[in-house]
Amino acid sequence: MTKKERVRLVTEALNREYGTEMMTYLHYETPWQLLFATILSAQCTDARVNMVTEDLYRKYRSIEDFANAELSELEKDIYSTGFYKNKAKNIKACAAALLERHGGEVPRDIEELTALPGVGRKTANVVRGNCFNDPSIVVDTHVKRVSKLLGLTKETDPVKVEFDLMKILPKEQWILYNVQVIAVGRTWCISGRPKCGECILKDCCASAEKNKKVDIQRINV
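Residues numbered from 1 in each chain as written. Predicted model: local features only at pLDDT ≥ 70, side-chain atom pairs only at ≥ 80, totals over all residues. Heavy atoms only, no water.

1. What to know about the nonpolar core
Basically, it comes down to this: Joining through side-chain atoms within 4.5 Å is the link that ties buried Ala, Val, Leu, Ile, Met, Phe, Trp, Tyr and Cys residues into a set, and such a set is a nonpolar core. Classification of residues uses two cut-offs on accessible area relative to the type maximum, computed with a 1.4 Å probe and protein chains only: under 20% is buried, over 50% is exposed, and between them is partly exposed. Secondary structure follows DSSP: runs of H or I at least 4 residues long count as helices, runs of E at least 2 residues long count as strands, and numbering of each begins at the N terminus. Contact definition: two residues touch when any of their heavy atoms are within 4.5 Å.
Ranked by internal contacts, the top residues of the largest apolar core, which has 35 residues, are Leu 35, Phe 36, Phe 66 and Leu 74. Among the secondary structure elements, those contributing two or more residues to this core are helix H2 (31-40), helix H3 (46-59), helix H4 (63-67), helix H6 (84-102), helix H7 (110-114) and helix H8 (121-131). Ranked by residues supplied to this core, first place goes to H2 with 7 residues. Those residues in contact with Leu 35 that lie beyond four places of it in its chain are Cys 94, Leu 98, Val 106, Leu 116, Val 119, Thr 123 and Val 127.

So this is what it looks like as structure tokens:
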């Protein structure tokens, strides 16, 4: 199977299973809410972040509220997301930078986004894709791991994985791919205990093909 054929089968299977409606697992109403929620999501589940931001965004109703927040109090408010000291510092600094550099608006440009405190390419692409509908690929742990198993990349560095996927995935799939592959990673392609036989991508997965060949060789021996 060529990589082009594999990509076609993968995207068709993902769209068939999950549809093509744009969505994110993080709850938000404004671009800055998604930006801060994504910062909080590092090393934390989306479900936990949504529980925290439900109260957080009632308490801090604007970017100005976060910029003026007492750091120790903000740390307590986001404590359960983990790495709370660093996240609180970054969110407060990011809010201040948005006010000083961008008039309180979340920028659309990836260079301007990644220049904000606590914002890397993953966070920037989440915001660009979901708030501005700019074609972008978000590479988290699920996307990195599953994409490599599928045979769509050999890289382990998230930025290199992102650029590999940009070369082979159709642009209309870029935003969708992250959410769809997260679902695959949580349902079937679970780290350490995959359910390959049940997976919707089993017929177009390079890792599954390799495992089949190994099993056939064992039977023949």
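2. What to know about H2
Burial of H2 is extensive: 9 of the 10 residues sit out of reach of the surface. For H2, the set of buried residues is Trp 32, Gln 33, Leu 34, Leu 35, Phe 36, Ala 37, Thr 38, Ile 39 and Leu 40. Those residues of H2 hidden inside the fold are in contact with H3, H4, H6 and H8.

3. Describing the pattern of salt bridges
Opposite charge on two side chains allows them to pair when their charged atoms are near. Worth spelling out the cut-off: Only one rule defines a salt bridge in this text: a Lys or Arg side-chain nitrogen within 4 Å of an Asp or Glu carboxyl oxygen.
The tally for this structure, following the rule as stated, stands at 9 salt bridges. Note that Arg 108 and Asp 134 form a salt bridge whose closest N and O atoms lie 2.7 Å from each other. Taken together, the residues Arg 108 in the loop between H6 and H7 and Asp 134 in the loop between H8 and helix H9 (141-150) connect sequence positions 26 residues apart. Owing to a relative accessible area of 13%, Asp 134 belongs among the buried residues under this scheme. Here the salt bridges do not stand alone but share partners, grouping Lys 59, Glu 73 and Asp 77 into one network.

4. Some remarks on helix H10 (residues 158-168)
Since the α-helix packs 3.6 residues into each turn, any two residues three or four apart lie on the same face. Our working definition: In this description, the arc belongs to the directions extending from the helix axis to the C-beta atoms.
For H10, the complete set of buried residues consists of Val 161, Glu 162 and Leu 165. An end-on view of H10 places all buried positions within 105 degrees of arc, on one side of the element.

5. Thoughts on the packing of H2 against H6
The following threshold applies: Axis definition: a line fitted to C-alpha atoms, limited for helices to the stretch in contact. Angles are taken between N-to-C directions and run from 0 to 180 degrees. The scheme is simple: roughly parallel for angles under 35 degrees, roughly antiparallel for over 145, roughly perpendicular for 65 to 115, oblique for anything else. Helix crossings fall into two classes, left-handed where the near helix is turned counterclockwise from the far one by less than a right angle and right-handed where it is turned clockwise.
Relative to each other, H2 and H6 sit at 155 degrees, their axes nearing to 10 Å. Classed by the angle they form, the pair H2 and H6 counts as roughly antiparallel. As for how H2 packs across H6, the hand of that crossing is right-handed. In contact with Leu 35, Phe 36, Ile 39 and Leu 40 of H2, H6 contributes Lys 87, Ile 91, Cys 94, Ala 95 and Leu 98.

6. Describing the side chain of Asn 178
Definition in use: Counted as a polar contact is a pair of N or O atoms within 3.5 Å, where, for protein atoms, one must be capable of donating a hydrogen and the other of accepting one, and residues adjacent in sequence contribute only when both atoms are in side chains.
If you trace the backbone, Asn 178 turns up in helix H11 (residues 174-187). Here Asn 178 falls in the buried class, since its relative accessible area comes to 10%. Reaching out from Asn 178, the side chain makes a polar contact with the backbone oxygen of Val 138 at a distance of 3.2 Å.

7. Some words on the packing of aromatic side chains
To describe a pair of aromatic rings, you give the distance between the ring centres and the angle between the ring planes. We apply this condition: Here a Phe, Tyr or Trp ring, Trp counted by its six-membered ring, pairs with any other such ring whose centre lies within 6.5 Å, and the pair is stacked when the planes are under 30 degrees apart, edge-to-face when over 60, and tilted otherwise. As a reminder, the over-ring test applies to NZ of lysine and CZ of arginine, requiring each to be within 6 Å of the ring centre and within 35 degrees of the ring normal.
Here the structure, examined in full by the defined rule, presents 7 aromatic pairs. Geometrically, the ring pair formed by Trp 32 and Phe 66 is edge-to-face, given 5.8 Å between the ring centres and 65 degrees between the ring planes. One end of the pair, Trp 32, is in helix H2; the other, Phe 66, is in helix H4, and 34 residues separate them in sequence. Of the residues examined, Phe 66 reaches a relative accessible area of 0% and is grouped as buried. Within the aromatic cluster, the residues linked to one another by ring pairs are Trp 32, Phe 36, Tyr 57, Tyr 60 and Phe 66. Over the ring of Tyr 25 we find Arg 186, and its NZ or CZ is 4.8 Å from the ring centre.

8. Digging into unusual backbone geometry
Phi angles above zero are rare outside glycine, and Gln 43 is one such case at about 60 degrees. Relative to the elements of secondary structure, Gln 43 occurs in the loop between H2 and H3. On the basis of relative accessible area, Gln 43 is assigned to the exposed category, the value being 67%.

Honestly, it's all geometry; don't read function into it.
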